[in-house]
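# Coordinate analysis (summary)
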Amino acid sequence: MGETYVGVDVGGTKVLAVRLSAAGVLEATATRPMPGVSAGPDAVEEAVALAARDVYAAGAPAALGVSAAGLVDATGERFLFGAHLPWRDAPVRRSIERRLEQMERGSGGGAPSGGPRGPNPRVVLDNDANCAAYAELVAGAARGVRSALLITIGTGIGGAVVLDGRVIRGAHGLAGEFGHMQAVPDGLACECGLRGCWEQYCSGRALERVTRVALGRHLDGPEVTALALAGDQVALHSFASIGTWLGVGTAALVSAFDPEVVVVGGGVSAVGDLLLGPARRALAGSLQGTAYRSVPELVPAGLGPEAGAIGAALLARDGRS
Ligand SMILES: [Zn+2]
């Protein structure tokens, strides 16, 4: 059997692991529930290691990538902060590597299937949006593209910048945190403590708020999505509202980075053109010189909820540049 690569995505509600072949073919997936933040770092590291081992083939993978929802430092050693994860400025890359080594020893060195023992895998750590962007670049909607932006719209907004084929991390590893760019001076209060952040106007939470204001009662994101797909006018208007904000914010990013494509992922983007149509119109209306330049395509993500884990495995395979 050839070399394999494992990626583990650590999110707010679950730990998702995938195994890829050396060629990048998805061979196995597994999920484990995410222990709550209050369970502490040890419990989460254990869940990561167990989910990884759930997808091991006959031996340990050649390398293992971890995609984590939050801020990862520029060296890829430390997880700085994430609202839904328990680590605070902690050396997570090494902790997980050590945890895997301990488990390997504890199991007598044998792989779950009793196959030959491989060396302990090298562990690579990165931010979840960076991982997802790398997956889209190698195997998804930005395949063959040199410069792209990824915008993921879930509860909030995640983002990543790819220029000239590389994920750009910035001086401290924090590039691409688009959700907290100020869109409206003195605007709506954000959970981060600032006001008027973009994700207050373009996110799953924004979708729920706009719908609540129009209807006078609360519906969650999947309910609004189902109504919109059934043609409900209020729900369609809600998606048009956040879609317009998506386009306006994207125009600022396009002015800054000049990408070929902008890939839009995340749960809220599942409605496709009901969101992307208004976004494309707002993007074209918010860029200078559109008669004389190409407006980048706004395209749906090519990979589903496994994008972060797949990207982590690919970064482990290719090296975190
Ligand atoms: Zn904010």
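At this site the zinc ion is bound by His180 (ND1), Cys190 (SG), Cys192 (SG) and Cys197 (SG), with donor distances of 2.0 to 2.3 Å. The coordination sphere of the zinc ion comprises four donor atoms, whose angles at the metal cover 105 to 116°; the geometry is tetrahedral. Along the chain, the residues donating to the zinc ion are arranged with the sequence spacing H-x9-C-x1-C-x4-C. Exposure remark for Cys192: the relative accessible area of 39% places this residue in the partly exposed category.

On to the sheet that holds strand E3 (residues 26–33), then. Spatially, E3-E2-E1-E4-E7 is the arrangement adopted by the five strands of the open sheet, whose pairing is mixed. The two strands at the open ends of the sheet, each matched to only one other strand, are E3 and strand E7 (122–127). Taking the axes of each pair of neighbouring strands and ignoring which way they run, one obtains an average angle of 20° across the sheet. As paired strands, strand E4 (residues 63–68) and E7 are joined by six bridges and run parallel to one another. Note on E7: the bridge partner recorded for Leu64 is Val123. Its contacts with the sheet put helix H1 (residues 40–54) on strand E1 (4–10), strand E2 (14–21), E3 and E4, and the angle it makes with E3 is roughly 150°. Along the sheet, helix H8 (residues 307–318) contacts E1, E2, E4 and E7; its crossing angle with E1, the most-contacted strand, is approximately 135°.

Okay, the packing of aromatic side chains next. Per the counting criterion, the structure on display carries two aromatic pairs. Ring geometry for Phe79 against Trp87: centres 5.5 Å apart, planes inclined by 65°, an arrangement best described as edge-to-face. Centre to centre, the rings of Tyr201 and Trp245 are 4.8 Å apart; their planes meet at 35°, and the pair counts as tilted. Here Tyr201, found in the loop between strand E10 (166–168) and helix H4 (204–215), pairs with Trp245, found in helix H6 (residues 233–257); they are 44 residues apart in sequence, far enough to count as distant. Above the plane of the ring of Tyr201 lies Arg209, whose end atom (NZ or CZ) is 5.8 Å from the centre.

Moving on, we come to the pairing of E2. For E2, a buried count of seven out of eight residues is recorded, marking the element as mostly surrounded by other parts of the structure. Examined bridge by bridge, E1 and E2 share seven bridges and lie antiparallel to one another. Following the sheet pairing, Val6 is matched in E2 by Arg19. Count of turn residues in the E1/E2 antiparallel hairpin: three residues.

Basis of the calculations
- Residues numbered from 1 in each chain as written.
- Predicted model: local features only at pLDDT ≥ 70, side-chain atom pairs only at ≥ 80, totals over all residues.
- Heavy atoms only, no water.
- Donors = N, O, S within 2.8 Å, 3.2 Å for Na, K, Ca; no water.
- Tetrahedral: all angles 85-135°; square planar, octahedral: opposite > 155°, others 65-115°.
- Buried < 20%, exposed > 50% of the residue type's maximum accessible area, 1.4 Å probe, protein only.
- Pairing = 2+ DSSP bridges.
- Helix = DSSP H or I, 4+ residues; strand = E, 2+ residues; numbered from the N terminus.
- Axes fitted to C-alpha atoms, helices over the stretch in contact; angles between N-to-C directions.
- Contact = heavy atoms within 4.5 Å.
- Phe/Tyr/Trp six-rings, centres within 6.5 Å; stacked < 30°, edge-to-face > 60°.
- Lys NZ or Arg CZ within 6 Å of the ring centre and 35° of its normal.

Shape descriptors only; they carry no functional weight alone.
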